[in-house]
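# Remarks on the overall topology
For reference, the chains in residue letters:
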Amino acid sequence: MISPFVQLIYHDGTMREVLIKNEEIPFPEGKLIVSRTDLAGIITHCNPSFIEMSGYQHEELIGRPHHILRHPDMPAAAFQDLWDTIQQGKQWHGYVKNLRKDGCFYWVYATVIPNIRDGSIIGYTSVRRKPSRAKVQECIQLYAQMNEAGAAV
Amino acid sequence: MMRPVMTISPDIGPDRIAGWYIFNTWLQKQWGHPIRLELFPSFQKQREAIQRDEIGIIYANPFDAAMLVREKGFKAIAAAVGKSDEAVIAVNVDSSVKCIEDLPITCRAAVTEAPDVNTISSILLEPADITRQTLQSVIADTYVVVAKLVLQGKVDVGFFLAEAYDGLSRVVRSQLRELLRSQIYDIRHVLLVEPHLQAEYETLKTILANMSSDAKGRDALHNLGFTDWEILQQEDTEFMIDLMDTLVT
Ligand SMILES: Cc1cc2nc3c(=O)[nH]c(=O)nc-3n(C[C@H](O)[C@H](O)[C@H](O)COP(=O)(O)O)c2cc1C
């Protein structure tokens with residue numbers, strides 16, 4: 001039997017075993033999934049839809065790195081691009097496959113923006129909306145290609 | 001101090017205008033300064049007055065609040081407790097459309113000028129690949145006209161402020177069907193004060209915070225259609241504006 005656990009290596013070299021199930025949870029209709037982080041990507045705030053979709057409790061999320069939702073199917077380059085963009089004070093948009101605590105996944109269309117106060121970036125906000133199915137299909141292909149290319153290096 | 005002009009978002013329904021006159025009277029008495037309530041027929045006319053720095057106090061649409069805070073230095077001092085700007089997308093009850101994915105990408109929508117409702121509604125349609133470029137809007141003056149256009153079959157959907165949708169007559173509502181309703185909670189109208197009145201922020205906040213403990217104040221609140229003011233901190237509004245920024249670009 002194939003193990004439902006996958007080894008995930010984060011960009012800082014730390015490793016974690018995550019539970020993966022091939023089951024998609026639909027995006028909650030009419031809602032937005034909102035979170036905020038500090039400059040290092042540590043979660044400081046999340047709204048009820050965020051908590052519900054992640055499968056974690058509020059206390060398990062606040063103070064944790066945002067990669068708690070990282071799905072192994074997401075190419076590292078996507079997040080590199082995210083961080084490069086927002087650290088320059090710009091908005092980032094993208095389609096993201098997120099991992100839930102129970103191993104299931106959900107797709108979002110995410111926008112991340114820097115929180116600028118008195119001219120300085122003090123943190124980041126991400127707002128996720130229900131994605132177009134056609135766009136998700138494109139990303140499934142694209143991310144698989146990116147992951148293959150990454151693995152070949 | 002000059003006599004400041006107070007104004008309200010042009011999307012406030014006609015049934016609430018009297019309430020704002022009562023609030024204006026109550027507020028000047030508590031504050032001890034005359035205030036002149038001025039209404040604008042459109043968002044455009046109101047924005048022009050804002051650009052000419054003619055407005056002192058404004059109960060603003062969240063969309064305009066972004067500009068008032070970030071460009072004009074206004075401060076948000078309060079918002080209505082438990083009230084948020086939510087949108088409803090509705091179709092004719094006989095429409096074959098059961099979910100947004102059934103709509104054509106060149107969907108025709110009856111809309112008002114309200115920027116918050118239009119932004120939220122277009123986001124609700126995005127999963128069906130309907131974009132602001134493909135959507136065909138038909139502008140209506142009021143939500144009653146939006147409903148009429150849907151009933152007459154002139155458009156595929158209507159964009160409503162949820163509160164206005166719920167307030168339509170039973171007869172009209174029975175001929176409409178709700179396709180989708182937003183539950184965002186974080187986007188709301190806010191009461192803002194211009195930077196010249198900075199010295200008065202705390203006084204005004206205290207007056208509003210005590211409004212529901214005063215019998216006349218409670219009456220006035222009732223006429224505005226809410227139960228109390230929630231006093232805001234600067235970061236509450238900055239957070240809302242950041243959120244709106246992710247939706248508009
Ligand atoms: C505001 C904000 C929201 C983020 N949201 C997510 C998210 O929903 N899912 C995700 O996998 N990464 C998200 N990230 C990116 C993570 O910080 C991290 O870069 C990513 O999960 C890859 O993890 P790793 O580079 O530590 O391996 C977000 C970052 C920020 C600043």
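Residues numbered from 1 in each chain as written. Chains lettered and ligands numbered in written order. Predicted model: local features only at pLDDT ≥ 70, side-chain atom pairs only at ≥ 80, totals over all residues. Heavy atoms only, no water.

### Observations regarding the overall build of chain A
Counting its secondary structure elements, chain A contains 4 helices and 7 strands. Written out in order from the N terminus, the α and β elements of chain A read β-β-β-β-α-α-α-β-β-β-α. Here the C-alpha atoms of chain A give a radius of gyration of 15 Å, agreeing with the 15 Å that 2.2 N^0.38 yields for 153 residues. Here the C-alpha coordinates of chain A stretch approximately 55 × 35 × 35 Å along the principal axes. (Helix = DSSP H or I, 4+ residues; strand = E, 2+ residues; numbered from the N terminus. Rg over C-alpha atoms; globule rule 2.2 N^0.38 Å.)

### Quick look at the nonpolar core
Counting residues in each nonpolar core, the largest one holds 67 residues, and the members touching the most others are Leu103(B), Val157(B), Phe159(B), Phe160(B) and Leu192(B). Sorting elements by how many residues they give to this core places helix α10 (residues 234–248) of chain B first, with 6 residues. Here this core gathers at least three residues from each of two domains, domain 1 (5–83 + 186–248) and domain 2 (87–181) of chain B. Each residue touching Val157(B), except ones within four places of it in the same chain, is listed here: Ile89(B), Ala90(B), Val91(B), Leu103(B), Cys107(B), Arg108(B), Ala109(B), Ala110(B), Val150(B) and Leu179(B). With 30 residues, the next largest nonpolar core counts Phe27(A), Cys46(A), Ile68(A) and Trp92(A) among its residues. (Core = buried A, V, L, I, M, F, W, Y, C linked by side-chain atoms within 4.5 Å. Buried < 20%, exposed > 50% of the residue type's maximum accessible area, 1.4 Å probe, protein only. Domains from an automatic or database assignment. Contact = heavy atoms within 4.5 Å.)

### Points about the environment of Ala147(B)
Residue and element names in this part refer to chain B. Secondary-structure assignment places alanine 147 in helix α5 (residues 143–151). Assessed through its relative accessible area of 1%, alanine 147 is described here as buried. As for alanine 147 and alanine 162, which are separated by 15 residues in sequence, their C-alpha atoms are 13 Å apart. Leaving out residues up to four positions away in the same chain, alanine 147 has contacts with Phe160, Leu168, Val172 and Leu176.

### Observations regarding the packing of helix α1 (residues 17–31) of chain B against helix α9 (residues 215–224) of chain B
Residue and element names in this part refer to chain B. Between α1 and α9, the shortest axis-to-axis distance is 8 Å and the interhelical angle comes to 150°. Relative to α9, the element α1 is oriented roughly antiparallel. Here α1 runs over α9; the crossing is left-handed. From α1, Gly19, Trp20, Ile22, Phe23 and Trp26 reach across to α9, where they touch Lys216, Gly217, Ala220, Asn223 and Leu224. Among the residues forming the contact of α1 with α9, the class breakdown is 6 nonpolar, 3 polar and 1 charged. (Axes fitted to C-alpha atoms, helices over the stretch in contact; angles between N-to-C directions. Parallel < 35°, antiparallel > 145°, perpendicular 65-115°, else oblique. Left-handed = near helix turned anticlockwise from the far one by under 90°. Nonpolar A, V, L, I, M, F, W, Y, C, P; charged D, E, K, R; others polar.)

### Focus on the domain arrangement of chain B
All names here are of chain B. What the domain assignment reports for chain B is domain 1 (5–83 + 186–248) and domain 2 (87–181). Taking the mean C-alpha position of each, domain 1 and domain 2 sit 28 Å from one another. On the domain 2 side, the residues contacting the 12 residues of domain 1 number 9 residues. Interface of domain 1 and domain 2: buried area, both sides summed, is about 860 Å²; carbon and sulfur atoms make up 63% of it. Looking at the side of domain 1 facing domain 2, the largest losses of area belong to Phe43, Phe63 and Leu247, adding up to 43% of the total buried there. On the surface where domain 1 and domain 2 come into contact, there are 1 salt bridge. Residue lysine 83 is joined to glutamate 163 by a salt bridge in which the shortest nitrogen-to-oxygen separation is 3.3 Å. Applying the counting rule to domain 1 against domain 2 returns 3 residue pairs in polar contact (both at pLDDT 80 or more). Looking at the side of domain 1 that touches domain 2, its residues break down into 6 nonpolar, 3 polar and 3 charged. (Buried area = accessible area lost by both parts, 1.4 Å probe. Salt bridge = Lys/Arg side-chain N within 4 Å of Asp/Glu carboxyl O. Polar contact = N/O pair within 3.5 Å; in protein donor to acceptor, adjacent residues only side chain to side chain.)

### Considering the sheet that holds strand β7 (residues 120–129) of chain A
Residue and element names in this part refer to chain A. Pairing is antiparallel across the open sheet formed by 5 strands, whose spatial order is β4-β3-β7-β6-β5. Bordering the open sheet on either side are β4 (43–46) and β5 (92–99), each of which pairs with just one other strand. On average, each strand axis in the sheet is inclined to that of its neighbour by 30°, with strand direction left out of account. Where strand β3 (residues 33–37) and β4 come together, 3 bridges link them in antiparallel fashion. Across the sheet, the residue bridging to serine 35 is cysteine 46, located in β4. (Pairing = 2+ DSSP bridges.)

### Observations regarding the sheet that holds strand β2 (residues 36–37) of chain B
Residue and element names in this part refer to chain B. What the 6 strands build is an open sheet, ordered β2-β1-β3-β10-β4-β11; its pairing is mixed. Strand pairing shows two members of the sheet lacking a second neighbour, β2 and β11 (229–231), which therefore form its edges. Sheet topology places strand β3 (residues 57–60) next to strand β10 (residues 190–193); 4 bridges connect them, and they run antiparallel. Bridge pairing in β10 places isoleucine 57 opposite valine 193.

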